[in-house]
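Examining the three-dimensional arrangement
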Amino acid sequence: QNSMRATSTSGSSPGALDGTDWSKGERAAYERLHGEFTALEPEASALFFARSGLPPRTIEAITALADPNQGAKEFWMFCRLVGHCQAMQARDRSKPLLEEGQGEVAGETKTLEAFLQERCMQRLPPQLPNFRRRRTPTNGRGGG
């Protein structure tokens, strides 16, 4: 029985995203991205997220808060958090938070999940997510 009913099993409670304010730009971008995502074969959907250029630990943290496979609104929140994290990549001090899932934020150690939940879920991202990037190898060698 393959039921297509969207149920929320991720970190956000069911209906928690209903009261979220989305900008006009977010609505247009996330609707388009969701259309692209839902048209993909399951194997290809994992590659879709890898194209964000974010570290695997970051994708894992975002998915714990908003599982993009659980319906449009969860997908939209996933995209918002990707936008926040991609903007954070430009700051060296965010590197431990994004790559290890834990780092110093305003003088205290926080997990990436806690940071995203407290500071990003209800805020517009500084940039819309880009799923056409490539992850740069952290070991300095280019390959693959």
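For the structure itself, look to the data block above.
Residues numbered from 1 in each chain as written. Predicted model: local features only at pLDDT ≥ 70, side-chain atom pairs only at ≥ 80, totals over all residues. Heavy atoms only, no water.

1. A closer look at the pattern of salt bridges
The full count for this structure, using the stated rule, is 6 salt bridges. Put simply, Arg132 and Glu36 hold a salt bridge, and the shortest N to O gap is 3.9 Å. A residue pair is termed long-range when its members are at least 10 positions apart, and Arg132 in the segment after α6 (112–119) and Glu36 in helix α1 (residues 24–38) qualify at 96 residues. By relative accessible area, Arg132 is classed as exposed at 57%. Overlapping salt bridges bring together Arg32, Glu36 and Arg132 as one network. (Salt bridge = Lys/Arg side-chain N within 4 Å of Asp/Glu carboxyl O. Helix = DSSP H or I, 4+ residues; strand = E, 2+ residues; numbered from the N terminus. Buried < 20%, exposed > 50% of the residue type's maximum accessible area, 1.4 Å probe, protein only.)

2. Points about the environment of Arg123
Topologically, Arg123 is positioned in the segment after α6. Each C-alpha atom of the pair Arg123 and Trp22 lies 8.9 Å from the other, and the pair is 101 residues apart in sequence. Excluding anything up to four places from it in sequence, Arg123 contacts Arg80 and His84. In this structure the side chain of Arg123 is engaged in a polar contact, spanning 2.8 Å, whose partner is the backbone oxygen of Arg119. (Contact = heavy atoms within 4.5 Å. Polar contact = N/O pair within 3.5 Å; in protein donor to acceptor, adjacent residues only side chain to side chain.)

3. Description of the packing of aromatic side chains
One pass over the structure, following the stated rule, counts 11 aromatic pairs. Ring centres of Phe48 and Phe75 lie 6.3 Å apart, and the angle between their planes is 40 degrees; on these two criteria the pair is classed as tilted. Residue Phe48 is found in helix α2 (residues 42–50), and its partner Phe75 is found in helix α4 (residues 72–88); the two are separated by 27 residues along the sequence. Phe75 matches Phe48 in its accessibility class, with the two residues each being buried. Note on Phe48 and Phe131: the rings are 4.7 Å apart at their centroids and 25 degrees apart in plane angle, and the pair reads as stacked. (Phe/Tyr/Trp six-rings, centres within 6.5 Å; stacked < 30°, edge-to-face > 60°.)

4. What to know about the environment of Leu65
By the secondary structure assignment, Leu65 is in helix α3 (residues 56–65). In this structure, the C-alpha to C-alpha distance between Leu65 and Leu116, residues 51 residues apart in sequence, is 8.4 Å.

5. Here's the deal with the state of the cysteines
Using the criterion set out here, one finds 0 disulfides in the structure. Cys85 provides the cysteine sulfur closest to Cys120, a residue in no disulfide bond, and the two sulfurs are 6.5 Å apart. (Disulfide = S-S within 2.5 Å.)

6. Notes on the nonpolar core
In terms of nonpolar packing, the biggest core is built from 31 residues, with Phe49, Ile62, Phe75, Phe78, Leu81, Leu116 and Phe131 touching the most fellow members. Mapped onto this core, the elements with two or more residues apiece are α1, α2, α3, α4, α5 (95–100) and α6. If near-sequence neighbours (up to four positions away) are discounted, Phe49 is found in contact with Phe37, Ile59, Pro68, Phe75, Phe78 and Phe131. (Core = buried A, V, L, I, M, F, W, Y, C linked by side-chain atoms within 4.5 Å.)

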